[in-house]
Every structure is written in C-alpha cells, then in structure tokens.
Amino acid sequence: MSSVEQAPVGAPQRRSVTPSRGMSTFYRHYGLQAGTVLMAVIIWVIFVFGSSETWLHFDIYSSLMSTVPVTQSGIIALTLTLVVIAGEIDLSFGSVMAVGTWVFMSCPQPELGLIAGIAAGLGVGLLNGLIVVRFGIPSLVATIGTWFFWAGIVLVGTGAAGAGTDFAGGFTTNLLTGRIGGYVPAEMPWMMGFALLLWVLLNRHRFGAHVYLVGDNDQSARMMGVRSDHVKMGVFALNGAAAAFAGISSTLEAHYFWPTVGSGAMLPTVAAVFLGGTSIFGGRGTIFGTFVAAFVIGAIEPGIVSIGLTGFYTQVIYGAVIVVALIVQSAVRGRVQR
Amino acid sequence: MSEWISESLAPPGPLLELHGVSKWFGEVRALEDAELVVGTNEIVGLLGDNGAGKSTMIKIVTGYHRPDTGTITWKGKPLTHLTVQRARDLGIETVYQERALADQQSLWRNIFMGRERTTRLGLLDVGGMRADTERLMVDFLRFTSQAVTPESYVGSMSGGERQGVAIARALHFEAELIILDEPTMGLSVTETRKTLDFVREIKAAGKSCIFIDHNIFNVHEVADRVVVIDRGHTAGEFKTSEITVTDLIGRMKLLAETGTLDGRAATGAEA
C-alpha cells in the first residue's frame, strides 16, 4: 500500500503545468483574433456612446451588411488574405472588379454574364499570378502595372460611359443583392458563404496548407515537393474571381455601372487584411480576422460621420490602422521567432 | 583498386554503392574515380576538406548531379537515370539544417509538409496527422517538456530540436538513407549532443545514414565507418571501432601533408 503512494511523485506536479500550456497555446494561436474582436467591440462601444440613435437601430447594420461585403470589397479582402499569407500582394483587384463587371454588362443574358464576368476575373487573376511566377517580378510592382492596365482597358472599351443594370432584371439582381425577409441584404450571406468556403480551403485542404508553407518558407516548401508556382497562381486567380463577383454585385446594388467601379476599393480592402492580423511577411493569417476587420473598417466612415466629425477623418484612420496593424504584427513576429 | 572498399569494411548487403564515379564541371574535376559504399543500417561518416568533393558526391546520390563516369547501385540494382524525384521515391532523403522547416507553422504541419494526408472527402486529416506527430514526439523526439505540443511553432524550438524534427520527418516517411549535411553547424554543445542522439536514433530505427560534419569528434562518435575524401577521390576508410579518434586525427594530418593516409606515396587499402 505504501508503495502505491510513493510511486507517482512527479506526476501531480507535471499535470499542474497543463492548464498554463493550454492558455499559452490559446494565446499564441488565437491572440491576434481575440485582439481583433476586442478592438471591434471597443470601436462599437465608442460609436454607440457617440451616436446612440444611429448605432442602436437596425438600419445602420442593414446598410453595413450590403456595403461591407461588396462595395467595400470585404469578399475580396477574404481572398486577398490568402494571397498575403502566400507571401504576395495583389493591388490590381480594383480594376479587376471593373473588368469583370464590364464583361457582365456586355453579355445580353445576365446569368451567363455573371459566369462570364467571374471567369474573366479568374483569367485576369491567373495572368497576375503568371507574371509574378514566370518572370519573377515582385507582386507589389507587377500588380500596380496590371491595376493601371486593366483600368485603362475598361475605360477605352466603354468610352468611360456608364449604363443602367435594368437588363439584369429579377433573378440575378435578387440573387446577389436581394433583401432576405425584406431586411437582410443578400450580400451578407454571400460573404459568409465565401468566408466558410475559404476557411475550409485554407485550414482543411492541401491547397491551404501549401498556401501557408509557401508564404512561410518558399524554398523549403519547394524542397518538400510543394508546387509553389501553382499555389501562387491559384491564390491570384481566386482573388481575381472574387473581385469580379464583388464588382458585379456592387454594380447591381447601385443599379448602375460606372466604368470606374472598384477604384476606391483598395484602401479599405488592404486595411481589412492587415487589421485582421494577416502577416505582410507571409505564412500567417486567418479568414476570421479579416472577416471581423472588414466590418470594423466598413463601420469607420459611417461611425465618424454619425458622431459628428467630418468624413475626411476616414482616410486618416484607414492609414493609421494599416500602419499600427503592421507595427503590432512586426512586434508579434519578433517574439514568435525569438 | 576500385573494389577494395566495399569488400573490406562495409557490412554485407550494401544499400548504396558508388563505383568509379567521376564528375567534371567544365575544366574543374570535382570527383575522380570515387568510391562510396553505405551498408544497410549503417552510419557512414564522410570526412574531407572543403572542396574535397563531399557535397558533389552527395548531390550525385540525391540525383541532383549526374556523374560523368561510374556506376550507382541501390540494393544491388544499378541506377542509370537518377533524378531528385527518383531518389526521393527510393527513400533517399537529405536533411538540411535551416532550409527544411517553416518556422511560423506548427510542428505537425512541418512533419507533413508537402505530404499532407487527406480523408476520403479530400480534406486534410488533421486529427490523424496531429496524433502521428504526438507519437513521433514521444517515441522519437523524446520531447519531455509539456510546453511542446503538435501545435507548437517550429520557430520556437532550439537548433537541435529542429534538426530532430527534420530527421523524424524523414524517418516517418520511410526514408531508407538519410543524408545529414553539416547538421551540427552553428549549434551549441548541448544542441550538438541532441543532434548526435537523433543520428543514433536513425541507426536504432534500422535505417542508414551518411553523416557529414567538419568536426572529427562528432563523426567518430556516431559513425560506424568513416570514409575519407581527398581532392576528388576516396582516400580510404576506417571502422570507428578499430581506430581511436586521436589516430584518426593523426591520419587526417598525414593526408593533408603527404596526400595519403599512411604517409607513404603509394595508394592502398587502410584499416
């Protein structure tokens, strides 16, 4: 009997370490995401106190649910997250929105146009990837080039003239921008669907595993048999397709096609990705973080206006958000790598 | 002359044999009539000065370079067109120190890097891969610290542990021959100890290893046999059980001074 008591001397001590291990694991894996949520709550509370008549009624949320996913291109921020995790960047998505929408507008049949528009976006995205991978041009520079190029092509093709979207009629317009139960904009479930699909792709599919590996250490990923070039072309293609979808959807929401659609999309989209905790150095980032951050970014402009400041502050805050988010990440990265 | 090495000291039933291998890079002769035999379940240490031809030899074994002359034999069968992919399929795996791991990813993602397992639905078998990683941690890596889990980032581990992760990965995927190119470079004494322990684990797992290190003490300690490369050809070999490390150092010194391991101008077998 006494031997039974003596035997496991070290065991209880060791077990007592387990909870702190659990906490530190949680902190390291979800710390940035928890931080993003905390920041969202703080900003929301500030807005509620600043202008309760705006932020305690459903209208503002209904409005955010239609603008954040497509006009502020939250859906593109989700796919851009994959591009950035893979260690690249795409700045051309604003004009890819225009290309996709232009193709959509050029089709006499709206359902066919939707497919053709998204396919065009996919193709332009693939071309971005091809330029980056085959010619080894840094994506930052390459996509600035394609950004201007495609914006120019759309302006030339349309003669800079807009057009109404009445031809799209009932089905397509309702599919992308209808109001579910008369209240919830269809853009919201679309964005949630995109987020869910991309989460599975990123966390539960080989492609996503390779996106992380390529962004973290391209050379070792290649050595271990990861087809890095295909992975990179894949994320650019996805981003192009999402851009076309967002362009078409925001055009249908506005009932009018401007050839410059998407020209204002870059800042809030990029801000959402970095605010959501995705590392500019590649290899780290989450869909969840970007999702929450997209709504924070989307709420900044109406929030500022509702508490009585001039809308010019919006850009100041976007810029500050990007810089601060990057500094925080850089600090976190330094700690992780020791 | 080209037969003596394998016949004399290597255990019977060799895994890999290089005979009469030469390699030229333009006018530069990297290897000439070089010999290397690796036995089944044997740790072979490769010694030689910088530029002696060690890395050329390794790159030939891994299919990166094609030899100009000579034969490569794997388990008794000749390999004519060895490519990098072919070498990997055969079970020849090279472990590079810094280039093999993705620092910001978890341990299990590193173990299964490029060889992720999927379920029938085509989705990642995350649970299975985590469980396998946990098993490797206990059985092979012997990570006793409770702070290390399959979810731990590889970037937070020490140099010796990282080396262990890379070796564990190779063993997990049934590598027959693991090539370690300068695995202790830049490591502290304790981390070097850990790495040498992992090399012994390769032996314990019944696999073979080519171990390259500048430090003769490290090589003598873990290798069953040492092969000395000098100016592109195989200068000789010793069983580590039959030569002390002091003698080995003496021989290497003689080699540097006279060009032969016994100090005579003639070529011949050493033991």
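Predicted model only: the values in this text are computed from it and were never measured.

A few words now on helix α11 (residues 206-216) of chain A. For the α-helix, the turn length of 3.6 residues means that residues three or four positions removed from each other point alike. Of all the 11 residues making up α11 of chain A, 9 are buried; the element is thus mostly covered by neighbouring parts of the structure. Buried residues of α11 of chain A: Gly-208, Ala-209, His-210, Val-211, Tyr-212, Leu-213, Val-214, Gly-215 and Asp-216 of chain A, and no others. The inward-facing, buried residues of α11 of chain A contact α5 (74-85), α10 (187-204), α12 (218-223) and α13 (228-254) of chain A together with α4 (107-111) of chain B.

Residue and element names in this part refer to chain A. Relative to the helices and strands, Ala-151 resides in helix α8 (residues 139-158). Since 21 C-beta atoms lie within 10 Å of it, Ala-151 is described here as buried. Residues Ala-151 and Ala-161, 10 residues apart in the sequence, show an inter-C-alpha distance of 13 Å. Setting aside chain neighbours within four positions, we find Ala-151 in contact with Ser-95 and Ala-98.

All names here are of chain A. Locating Ala-294 in the fold gives a position in helix α15 (residues 287-306). For Ala-294, a count of 30 C-beta atoms within 10 Å corresponds to the buried category. For the pair Ala-294 and Asn-174, spaced 120 residues apart in sequence, the C-alpha separation works out to 23 Å. Contact partners of Ala-294, with chain neighbours within four places excluded, come to Val-68, Gln-72, Gly-74, Ala-77 and Ala-272.

The next thing to look at is the nonpolar core. Within the largest apolar cluster, 161 residues are counted, with the highest numbers of intra-cluster contacts made by Ile-75, Val-99, Ala-242 and Ala-244 of chain A together with Ile-178, Ile-210 and Phe-211 of chain B. Shared between two domains, this core takes at least three residues from each, and those domains are domain 1 (1-91 + 176-261) and domain 2 (100-174) of chain B.

Residue and element names in this part refer to chain A. Packing of α5 against α15 leaves a shortest axis separation of 9 Å and a crossing angle of 145 degrees. In terms of crossing hand, the pair formed by α5 and α15 is right-handed. In contact with Gly-74, Ala-77, Leu-78 and Thr-81 of α5, α15 contributes Ile-287, Thr-290, Phe-291, Ala-294 and Gly-298.

Quick look at the sheet that holds strand β8 (residues 208-212) of chain B now. Residues and elements named next belong to chain B. Spatially, β6-β7-β8-β3-β9-β10 is the arrangement adopted by the 6 strands of the open sheet, whose pairing is mixed. Edge positions in the open sheet fall to β6 (92-95) and β10 (233-239), since each of these has one partner strand only. Averaged over neighbouring strand pairs, the angle between their axes works out to 20 degrees when direction is ignored. As paired strands, β6 and strand β7 (residues 177-181) are joined by 4 bridges and run parallel to one another. Pairing of Thr-94 across the sheet is with Ile-179, part of β7. Along the sheet face, helix α2 (residues 54-61) touches β3 (43-47), β6, β7, β8 and β9 (225-230) and points at about 150 degrees away from the line of β7. On top of the sheet, helix α9 (residues 245-258) reaches β3, β9 and β10; it is set at about 15 degrees to β9, its chief contact.

Time to look at the sheet that holds strand β2 (residues 28-39) of chain B. Residues and elements named next belong to chain B. The 4 strands lie next to each other as β2-β1-β4-β5, forming an open sheet whose pairing is antiparallel. Each of the sheet's edge strands pairs with one partner strand only, and the pair in question is β2 and β5 (77-79). Mean inter-strand twist for the sheet, computed between neighbouring axes without regard to direction, equals 25 degrees. Of the pairings in the sheet, the one linking strand β1 (residues 14-25) to β2 comprises 8 bridges and is antiparallel in character. Looking at β2, one finds that Phe-25 is bridged to Val-28. This element, α2, spans β1 and β2 of the sheet and lies at about 65 degrees to β2.

Residue and element names in this part refer to chain B. We note that the domain assignment places domain 1 (1-91 + 176-261) and domain 2 (100-174) within chain B. Look at where the C-alpha atoms of domain 1 and domain 2 centre, and you get two points 28 Å apart. At the interface, 14 residues of domain 1 touch 11 residues of domain 2. Among the elements that make up the side of domain 1 that touches domain 2, the one with the highest residue count is helix α7 (residues 189-204) (7 residues).

The rules behind each value
Along every chain, residues carry numbers that run from 1 in the direction the sequence is written. Here the convention is simple: chains get letters from A, ligands get numbers from 1, in the order in which they are written. Totals for whole chains, interfaces and linings use all residues, but because this is a predicted model, local features are given only for residues with pLDDT of at least 70 and pairs of side-chain atoms are given and counted only at 80 or more. Whether a residue is buried, exposed or partly exposed is read from the other C-beta atoms within 10 Å of its own C-beta, which are placed from the backbone; 20 or more gives buried, 12 or fewer gives exposed, and intermediate counts give partly exposed. Helix and strand definitions here come from DSSP, where helices need a minimum of 4 consecutive H or I residues and strands a minimum of 2 consecutive E residues; each element is numbered from the N-terminal end. Residues are scored as being in contact if the C-beta atoms we place from backbone atoms lie within 7 Å. Each nonpolar core comprises buried Ala, Val, Leu, Ile, Met, Phe, Trp, Tyr and Cys residues, the members being joined through C-beta atoms within 7 Å. In this entry, domain limits derive from an automatic or database-based domain assignment. Between the N-to-C directions of two axes lies an angle of 0 to 180 degrees, each axis being a line fitted to C-alpha atoms and, for a helix, fitted only over the stretch in contact. The sense of a crossing depends on the near helix, which, turned anticlockwise from the far helix by less than a right angle, makes the crossing left-handed and, turned clockwise, makes it right-handed. Any two strands are treated as partners once DSSP identifies two or more bridges connecting them.

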